[in-house]
Structures are given as C-alpha cells and as structure tokens.
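Secondary and tertiary structure notes
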Amino acid sequence: MKNTFKNIDEYFMLFPEEVQEKFDELRHKINTQDSAIEEYIGYQMPAFRYKGKPLVYFAGYKKHIGFYPGSEGIRNFGKDFAERKYKFSKGAVQFPINEELPFDLIEKIVKFRMEEIDHKKS
C-alpha cells in the first residue's frame, strides 16, 4: 500500500462500512484482552503490542481479513484453522470477509501470544 496511516481509524476508512464494523469488533476483542495492549500502525496495517512487544496484526483484503499472530501463533493453532477450513500460511490466517469472525479462536490466539511474550527472555 502506498498510503501512510497515522492511526488505525485512518486505515479503517479505506473499507466499506460492513468491513469497518468487522474491524471494530476485532479491534475491540483484542483491546479488551488486557489493559497493557496498545494500538499502533505496523507494516501499514492495524497492529497491537503487549508490554512493548508486537502481539498481532490484521489487514483487510477483497475477500478476507488477514490475521497475523506470528509463526508460533500460527503453528500452535494450525489444527484449529484446518478444522474450520481457514487458509493459513507460516505467519497468517485468512478469515473470509463474508463470514462471522471466530472470536473464540481469536481470543485464544491473543492469550497464547500474551503468554508467549510474558515468558520470553529479552
């Protein structure tokens, strides 16, 4: 993307209202996991950090929302993605734009990433 966004709201404005609503729900679900979670723009997409460390990112596309929890986040939940028939790669999972977001799974992934950050030595 050629745009440079100052904040997540600016990013959301690029998308149709129904997609913005999904983004808002996803943003809310992530932010309510812990008061230490902060929003920012990373790699020109909505991003969240926990205790100063990257937590998860997401981005909108024509047919899906890409969710980026890092390679361990993907590896740990690969079976869940396969069972729910989501496309996924080493670093991302695709949630179809025309389906409800799997908030139960997203919550588990965010918690997993927070635990990962809490236990990393750095």
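Above this text you will find the structure in question.
Below is a summary of the structure that appears in this document. Quick caveat: nothing in here was measured; it's all calculated off a predicted structure.

**Let's talk about the pattern of salt bridges**
For the structure on display, the rule yields nine salt bridges. Three or more residues are tied together by salt bridges with common partners; here these are Asp9, Asp24, Arg27 and Glu39.

**Observations concerning a negative patch on the surface**
Negative charge collects at one region of the surface, where Glu17, Glu18, Glu21, Glu25 and Glu100 lie side by side. Here glutamate 21 shows up in helix H2 (residues 17–31). Of the residues examined, glutamate 21 reaches a relative accessible area of 44% and is grouped as partly exposed.

**Quick notes on the nonpolar core**
Across soluble globular proteins, nonpolar side chains have a tendency to be buried as a group. Ile30, Leu55, Phe58, Phe67 and Val110 are the most contacted members of the largest nonpolar core, which totals 39 residues. The element that contributes the greatest number of residues to this core is helix H4 (residues 103–119), accounting for eight residues. Leucine 55 has contacts with Ile37, Phe48, Arg49, Tyr50, Tyr68, Pro69, Val110, Arg113, Met114 and Ile117, leaving out every residue within four places of it along the chain.

**With respect to the packing of helix H3 (residues 70–83) against H4**
Two numbers describe how H3 lies on H4: the axes approach to 10 Å, and their chain directions differ by 150 degrees. It follows from the interaxial angle that H3 and H4 lie roughly antiparallel. The interaxial crossing formed by H3 with H4 has right-handed handedness. For the pair H3 and H4, the contacting residues are Glu72, Gly73, Asn76, Phe77, Asp80 and Phe81 in the first and Leu105, Lys108, Ile109, Phe112, Arg113 and Glu116 in the second. Class assignment for the residues of the contact of H3 with H4 results in five nonpolar, two polar and five charged.

**What about the pairing of strand S3 (residues 53–60)?**
Counting buried residues in S3 gives six out of eight residues, a clear majority hidden from the surface. Looking at chain direction, strand S2 (residues 45–50) and S3 are connected through four bridges and run antiparallel. When the sheet's bridge partners are listed, alanine 47 is paired in S3 with tyrosine 57. Linking S2 to S3, which pair antiparallel, is a turn of two residues; within it lysine 51 sits at a positive phi near 55 degrees. In textbook terms, the turn of a hairpin is the stretch between consecutive antiparallel strands, and for S3 and strand S4 (residues 64–68) this stretch comprises three residues.

The rules behind each value
Throughout this document, residue positions are counted from 1 along each chain, in the order its sequence is written. The model is predicted, so local features are restricted to residues of pLDDT at least 70 and side-chain atom pairs to those at 80 or more, both for listing and for counting; the totals for chains, interfaces and linings are taken over all residues. Water and hydrogen atoms were dropped before computing side-chain values, which therefore reflect all heavy atoms in the structure. The salt bridge criterion pairs a side-chain nitrogen of Lys or Arg with a carboxyl oxygen of Asp or Glu, the two atoms within 4 Å. Within the patch definition used here, like charges are joined within 9 Å and nonpolar side chains (Val, Leu, Ile, Met, Phe, Trp, Tyr) within 5 Å, considering only residues with over 30% relative accessible area and no salt bridge. Values of accessible area rely on a 1.4 Å probe in the Shrake-Rupley scheme; residue burial ignores everything except the protein chains shown. Only four residue types enter the tally: Lys and Arg on the positive side, Asp and Glu on the negative side; His and the chain ends are excluded. Lys charges are placed at NZ, Arg charges at CZ, Asp charges at CG and Glu charges at CD. Comment: elements are numbered from the N terminus, with helices defined as DSSP H or I runs of at least four residues and strands as E runs of at least two. Relative accessibility decides the category of a residue: with a 1.4 Å probe and only protein chains considered, values under 20% of the type maximum give buried, values over 50% give exposed, and everything between is partly exposed. The criterion is simple. A nonpolar core is a set of buried Ala, Val, Leu, Ile, Met, Phe, Trp, Tyr and Cys residues joined through side-chain atoms within 4.5 Å. Whether two residues are in contact is decided by their heavy atoms, any of which lying within 4.5 Å being enough. With axes taken as lines fitted to C-alpha atoms, and helix axes fitted only over the stretch in contact, angles between N-to-C directions fall between 0 and 180 degrees. Angle categories are assigned with fixed cut-offs, so that under 35 degrees is roughly parallel, over 145 is roughly antiparallel, 65 to 115 is roughly perpendicular, and the rest are oblique. Left-handed describes a crossing in which the near helix is turned anticlockwise from the far one by less than a right angle; the clockwise case is right-handed. We call Asp, Glu, Lys and Arg charged. Ala, Val, Leu, Ile, Met, Phe, Trp, Tyr, Cys and Pro are nonpolar, and the rest, Gly among them, are polar. Two strands qualify as a pair provided DSSP detects at least 2 bridges between them.

By themselves, these are just geometric observations and shouldn't be taken as functional.
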